[in-house]
Every structure is written in C-alpha cells, then in structure tokens.
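Survey of secondary and tertiary structure
Chain by chain, the residues:
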Amino acid sequence: MTAQTQPCKHMQFDAQCRVARLEDSGRFMLEVGVRCIDCGKPFQFLGLQPGLNLSGATASLDGLEANIAICPQGVQPTPLQGLQGYTIEGHN
Ligand SMILES: [Zn+2]
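Residues numbered from 1 in each chain as written. Predicted model: local features only at pLDDT ≥ 70, side-chain atom pairs only at ≥ 80, totals over all residues. Heavy atoms only, no water.

Counting its secondary structure elements, the chain contains 1 helix and 5 strands. Along the chain, helices (α) and strands (β) appear in the sequence β-β-β-β-β-α when read from the amino end. Of all 92 residues assigned to the chain, the portion counted as buried reaches 13%. Contacts in the chain between residues far apart in sequence, at least 24 positions, make up 36% of those at least 6 positions apart. As displayed, the chain has an accessible area near 7,700 Å², and 55% of this comes from carbon and sulfur atoms. (Helix = DSSP H or I, 4+ residues; strand = E, 2+ residues; numbered from the N terminus. Buried < 20%, exposed > 50% of the residue type's maximum accessible area, 1.4 Å probe, protein only. Contact = heavy atoms within 4.5 Å. Areas by Shrake-Rupley, 256 points an atom, 1.4 Å probe, with all protein chains shown as cover.)

Moving on, we come to the coordination of the zinc ion. The coordination sphere of the zinc ion contains the protein donors Cys8 (SG), His10 (ND1), Cys36 (SG) and Cys39 (SG), at a distance range of 2.1 to 2.3 Å. When the donor residues of the zinc ion are listed from N- to C-terminus, their spacing reads C-x1-H-x25-C-x2-C. A residue pair is termed long-range when its members are at least 10 positions apart, and Cys8 in the segment before β1 (13–22) and Cys36 in strand β2 (residues 27–36) qualify at 28 residues. The exposure class assigned to Cys8 is partly exposed, which follows from its relative accessible area of 29%. (Donors = N, O, S within 2.8 Å, 3.2 Å for Na, K, Ca; no water.)

Another point: the sheet that holds β1. Spatial strand order, β1-β2-β5-β4-β3: 5 strands in an open sheet with mixed pairing. The two strands at the open ends of the sheet, each matched to only one other strand, are β1 and β3 (49–50). (Pairing = 2+ DSSP bridges.)

The next thing to look at is the packing of aromatic side chains. Per the stated rule, a full pass over the model turns up 1 aromatic pair. A ring pair is formed by Phe13 and Phe43, whose centres lie 5.4 Å apart and whose planes are at 85 degrees; its orientation type is edge-to-face. Here the residue Phe13 occupies a position in strand β1, and Phe43 occupies one in the loop between β2 and β3, the gap between them amounting to 30 residues. With a relative accessible area of 43%, Phe13 lands in the partly exposed category. (Phe/Tyr/Trp six-rings, centres within 6.5 Å; stacked < 30°, edge-to-face > 60°.)

A word on the pairing of strand β5 (residues 66–70). As defined by bridge partners, β2 adjoins β5 across 5 bridges and the pair is classed as antiparallel. Note on β5: the bridge partner recorded for Met29 is Ala69. In this structure, strand β4 (residues 57–59) lies alongside β5, joined through 3 bridges in antiparallel fashion. When the bridges of β5 are listed, Ala59 appears paired with Ala66. Hairpin remark: β4 followed by β5, antiparallel, with 6 residues in the connecting loop; positive phi at Gly63, about 75 degrees.

Take a look at the structure:
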C-alpha cells in the first residue's frame, strides 16, 4: 500500500498579470492567471462569461484566464460617476 500524499491546501499563489494593448481597437485588456505555487494547479475563474468583451470581463474557454477590459483613468466614467448619473423614477 502506497502512502497517500495529503491533498494540497493551496496556501501560496502565483498570479500572472499581463496588459494587452489591442492594436485595432486601441483598447486595453488585463489578462490574469492564478496558480498554486505548492502543487502547480491553475485556478479557474468563476462567474465570467467566455469570450471577449472590450467593455467588461470574460474568461477563456477553459476558465483559467480572466480578461478584464481596462482604460486609462478619466477615459470612462468611474462606477461612482455612473451611479451619480443614474436617476430613479417612478416613486409613488
Ligand atoms: Zn495547491
């Protein structure tokens, strides 16, 4: 009987981040990958749609890379500015 190794508890991580500049659109994407240093297992991103979204966040088909649209500060409204421009209508 061979000794079973303990399953990795995934205590230490390596995060790879790259910024890609999309030449045709002039947009920028942050590409992120995370893996456990101890066992090397890559981590899967949850809750992201697959594909490419130049104005949002998506995951690769295997879920192991997140692609997040980014822009220089001031080019797009911040989330707070977006909220301030949002008006609530239809009160009773
Ligand atoms: Zn691990």
